[in-house]
Amino acid sequence: MRLLAKLNPLPALGSLFYPPTCVVCWGTVEGVEYLCANCLSCAPRIAAPFCAKCSEPFFGAITQTFSCANCEHRTLHFDAAVAAYRSRGLVRKLVHDFKYGRQRHLRYPLAEWLGETLHDTRLRGRRFDVIVPVPLHAARERERGFNQATLIAELLATRLSLPLRQVLERIRYTTTQTAYDRAERMENLQDAFRLRKNRDVRGLRVLLIDDVLTTGSTLSECARVLKAAGAISVHAATAARA
Ligand SMILES: [Zn+2]
Ligand SMILES: [Zn+2]
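Residues numbered from 1 in each chain as written. Chains lettered and ligands numbered in written order. Predicted model: local features only at pLDDT ≥ 70, side-chain atom pairs only at ≥ 80, totals over all residues. Heavy atoms only, no water.

## Re the nonpolar core
Item 1. Counting 39 residues, the largest nonpolar core has Trp113 and Ile209 as the members making the most contacts within it.
Item 2. Listed in part, the 27 residues of the second largest apolar core include Cys71, Leu168, Val201 and Leu219. (Core = buried A, V, L, I, M, F, W, Y, C linked by side-chain atoms within 4.5 Å. Buried < 20%, exposed > 50% of the residue type's maximum accessible area, 1.4 Å probe, protein only.)

Take a look at the structure:
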């Protein structure tokens, strides 16, 4: 977190609207941080070894022929999906409070976690033309009052001085994914997304943003649509990963 703050000192804006206390325990924080050192140390990071394609961490010895159980027997259309944190414990709680508890200010620490993915070798030094948030169905967005992916993508776009474009739309209102097992979830996303009218992604290198990667199906489906519409590459970054 501190590293990113150094890389770009710009978004000290948060401290204008927010007292300099930890968003979890109200303890003292340093500078432009949103979490105190103690809470931050409780956020579970994704450590190697993990799947190069979907960042699924795995345990035990690695063999040359290793194939991630999450990626096996399926085509994931993004080039890579990167997360720096696991959606467990404190991370999971923050994501949940942000999304369902309407605590919009939590976009700041979540955007920091999202930003940490840029240090990953799969994204570091890579050039992107546009940042695209995963869309919610319009009815869902009205219900929630915001799109959580857009809120954190906006902060990242500002930090990277990249344009954010809402080029996708979600055209199927699906029931909440957590109620489904993996196979049903993938089935459920068929034709769920499309390119919005009059949007053009031909020749663009896209950085696709969502709050959490669960199975990767949502990001993959969005990447499929973007590539079918002519995007050169689609890398995905999320604040956390299941
Ligand atoms: Zn704290
Ligand atoms: Zn994988």
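So, next bit.
## Remarks on the packing of helix H5 (residues 107-116) against helix H7 (residues 148-160)
To describe two helices that pack against each other, one gives the angle between their axes and the distance between the axes.
Item 1. Contact geometry for H5 and H7: axes closest at 9 Å, N-to-C directions at 60°. With respect to H7, the axis of H5 lies oblique. The element H5 and its partner H7 pack so that their crossing is right-handed. From H5, Arg107, Tyr108, Leu110, Ala111, Glu112, Leu114 and Gly115 reach across to H7, where they touch Leu151, Ile152, Leu155, Leu156 and Arg159.
Item 2. Looking at the contact of H5 with H7, its residues break down into eight nonpolar, one polar and three charged. (Axes fitted to C-alpha atoms, helices over the stretch in contact; angles between N-to-C directions. Helix = DSSP H or I, 4+ residues; strand = E, 2+ residues; numbered from the N terminus. Parallel < 35°, antiparallel > 145°, perpendicular 65-115°, else oblique. Left-handed = near helix turned anticlockwise from the far one by under 90°. Contact = heavy atoms within 4.5 Å. Nonpolar A, V, L, I, M, F, W, Y, C, P; charged D, E, K, R; others polar.)

## Quick word on the coordination of the zinc ion (ligand 1)
Item 1. The zinc ion (ligand 1) binds to the protein through Cys22 (SG), Cys25 (SG), Cys36 (SG) and Cys39 (SG), with metal-donor distances spanning 2.3 Å.
Item 2. The coordination sphere of the zinc ion (ligand 1) comprises four donor atoms, whose angles at the metal cover 105 to 118°; the geometry is tetrahedral.
Item 3. In the primary sequence, the donor residues of the zinc ion (ligand 1) line up as C-x2-C-x10-C-x2-C. (Donors = N, O, S within 2.8 Å, 3.2 Å for Na, K, Ca; no water. Tetrahedral: all angles 85-135°; square planar, octahedral: opposite > 155°, others 65-115°.)

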